[in-house]
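# Fold and geometry: a report
Chain residues, written in single-letter form:
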Amino acid sequence: MRFYSTKNRNISVTLREAVLKGIAADGGLYMPEQIPSIGKDKLNRISSLSFNEIAFEISRLILDSDIPEKDLKDLIDKIYSFSSPLIKIDENLNVLELFHGPTLAFKDFGARFAAALISYLIRDEETDITILVATSGDTGSAVASAFYKMPKIKIVLLYPSGKISEIQERQITTYGENVTALEVEGNFDDCQLLVKAGFADEELKQKMILTSANSINIARLFPQAFYYFFGYAQLEDKSKPIIFSVPSGNFGNLTAGIMAFKMGLPIYKFIAATNANDVFPYYLKTGNFIPKPSVKTISNAMDVGNPSNFVRITSLLGNSHELVSRVIFSESFSDQLTINAIKEIKEKFNYIMDPHGAVGYLALKSFIAETELENYNGIILETAHPAKFVTIVERAVNQKIEMPELLTSCLEKKKLSQKISNRFSDFKEFLLSLN
Ligand SMILES: *Cc1c(COP(=O)(O)O)cnc(C)c1O
């Protein structure tokens, strides 16, 4: 498969370049030149396939002949020892649980695929590569976990000191080995600026191979299509219209859903569920995409004021506001409504949902109220385990919730971060010392 830049359809690069560069030289995002179809036959017998078999079928189509089938199968079996179970909570209502990976959030699906693919692509390389990631939480832990102990790869995570929760900090600072966590005296923007300056620095470019594994990397994006297919595979009655509600921030998850749709998955509607960061619903309403500074909310992984993947969504849907509006419904919800929803879902369906999933629930409910659909397959993507937001969730449902072993165990491990100022010279000195 070859990949184009969303800024210029005529740019055409290999998988290797798209994945190792992460972003096109013109600042555009990479997209596959073709979106292949899964085909009627495969779709008809999809319910007999396992998650890994579906992941293999989809990635084989997207990667085309870039990786021999045997290697691709091995790669997938190595990274996915978990899947995405579909839980039916009411006649028309299902939850697709995406939190069964090692860091308990959906980013594990993409990060683990990207790690394995990068490692595969550089297997014959002489020099190590260094991956820089600025993180305010979830991304860092998914990336650290995915690349942990991978040969020839060093991970440098930058996070703002004192600005992330204790659990989040433990999740990224307790690895060691090839993962270094830098505790930056500054805020998240400082971390991002350091990473950017790192990529731009000529001396660093000459002395080491720097790359990024952030969510705009196509290798992290398309594996997220796997669970849309697997969610569909698990539906009992596939004849009812299928509605996916996607809690959205940077819109990578939704983009992958639209790729699945274009590959032939019969989806009636996508719902882009957002918190107070409402740039996308505003675009649907007005046709104007106006980025704003992000606002802090309790569904903080969706606090994005300028969603990078917006350009991918419009590119997939013919750069047409009309088509985007036909495929996607979107609405924004406040923190108070989100808390009420967590309580309501517990009372009505005896299900405990995290704040991100709860925004998805609200948006689905609003869409159904508007369209008065009576029979449908509503599928809410539950993007994180509720225990990651224990304080908010326990208060909303008024009971203790169980903490998974994966979370409690990292609280017992030693924090291994290195403090650093927000000055680029200090960061550069650190990077050079890695060689
Ligand atoms: C990252 C994240 C989101 C937002 O996903 P996007 O692909 O950026 O839209 C939603 N929920 C959780 C828990 C996340 O970690």
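Our subject in this report is the structure included herewith. Since we're looking at a predicted model, the values are computed, not measured.

The end-to-end C-alpha distance of helix α3 (residues 51-63) is 18 Å, a good match for the 18 Å that 13 residues give at a rise of 1.5 Å each. One or two positions beyond α3, positive phi appears at D64, with a value near 60 degrees.

At F251, a residue that is not glycine, the phi angle is positive and equals roughly 70 degrees. One can find F251 in the loop between β10 (242-247) and α12 (252-262). Given the relative accessible area of 4%, F251 is considered buried. One non-glycine residue, N350, adopts positive backbone phi at about 55 degrees. When you line up the elements, N350 lands in the loop between α16 (335-349) and α17 (355-371).

Around the ligand, the structure places 15 residues, and the nearest of them are K107, D138, G249, N250 and F251. One of the backbone N or O atoms of G252 is found 3.1 Å from an oxygen atom in the ligand. Backbone polar atom of N253 to an oxygen atom of the ligand: 2.9 Å apart, as the coordinates give it. Against a free-state accessible area of 380 Å², the protein chains account for coverage of 96% of the ligand.

In the structure shown here, the tally under the stated rule is 1 cavity of 30 Å³ or more. The volume enclosed by the largest cavity comes to roughly 40 Å³. Contributing to the lining of the largest cavity are S248, G249, F251, T274, N277, V279, F280, P281, M302, V304 and P307. Broken down by element, the lining of the largest cavity gets its largest block of residues, 3 residues, from helix α13 (residues 279-286). A breakdown of the residues in the lining of the largest cavity according to their chemical character gives 7 nonpolar, 4 polar and no charged.

Under the criterion given, the structure shown has 23 salt bridges. Here R60 and E57 are joined by a salt bridge, their closest N and O atoms 2.8 Å apart. Note that R60 and E57 are positioned in helix α3 at a spacing of 3 residues, about one turn of the helix. Residue classification places R60 among the partly exposed residues on the basis of a relative accessible area of 26%. With relative accessibility at 15%, the residue E57 sits in the buried group. Residue K207 is joined to E203 by a salt bridge in which the shortest nitrogen-to-oxygen separation is 2.8 Å. Taken together, the positions of K207 and E203, both in helix α9 (residues 202-207) and 4 residues apart, correspond to about one turn of that helix. The partly exposed category is assigned to K207, whose relative accessible area is 48%. Via salt bridges that share partners, K42, E57, R60 and E69 belong to a single interconnected network.

Relative to the elements of secondary structure, T127 occurs in the loop between α5 (107-121) and β6 (129-134). On a C-alpha basis, the gap between T127 and K152 in space is 7.2 Å, while along the polypeptide they are 25 residues apart.

Counting buried positions over the 6 residues of β6 gives 6, a clear majority of the element. Side chains of β6 alternate between two faces, with I129, I131 and V133 and T130, L132 and A134 buried alike. Taking the sense of rotation as the criterion, the β-α-β connection linking β6, helix α6 (residues 138-147) and strand β7 (residues 153-160) turns out right-handed. Relative to strand β9 (residues 209-212), β6 runs parallel, the two sharing 4 bridges. Residue L132 lies in a different strand from β9, and its bridge partner there is S212.

The antiparallel open sheet is built from 3 strands, whose spatial order is β2-β1-β3. Lying at the two open borders of the sheet, with one neighbouring strand each, are β2 (8-13) and β3 (30-32). Between one strand and the next, the sheet's axes are offset by a mean angle of 40 degrees, whatever the strand orientation. In this sheet, β3 lies alongside strand β1 (residues 3-5) in antiparallel orientation, the contact comprising 3 bridges. Pairing of Y4 across the sheet is with M31, part of β3.

Definitions and cut-offs
Residues numbered from 1 in each chain as written. Predicted model: local features only at pLDDT ≥ 70, side-chain atom pairs only at ≥ 80, totals over all residues. Heavy atoms only, no water. Helix = DSSP H or I, 4+ residues; strand = E, 2+ residues; numbered from the N terminus. Expected span 1.5 Å × (residues − 1). Buried < 20%, exposed > 50% of the residue type's maximum accessible area, 1.4 Å probe, protein only. Near = heavy atom within 4 Å. Polar contact = N/O pair within 3.5 Å; in protein donor to acceptor, adjacent residues only side chain to side chain. Areas by Shrake-Rupley, 256 points an atom, 1.4 Å probe, with all protein chains shown as cover. 1 Å grid on protein atoms, 1.4 Å probe; cavity = no way out; pocket = protein on both sides within 12 Å on 5 of 7 lines; lining within 4 Å. Points joined across faces, edges and corners; volume = space filled by probe spheres on them. Nonpolar A, V, L, I, M, F, W, Y, C, P; charged D, E, K, R; others polar. Salt bridge = Lys/Arg side-chain N within 4 Å of Asp/Glu carboxyl O. Right-handed = clockwise from strand over helix to strand, strands pointing away. Pairing = 2+ DSSP bridges. Axes fitted to C-alpha atoms, helices over the stretch in contact; angles between N-to-C directions.

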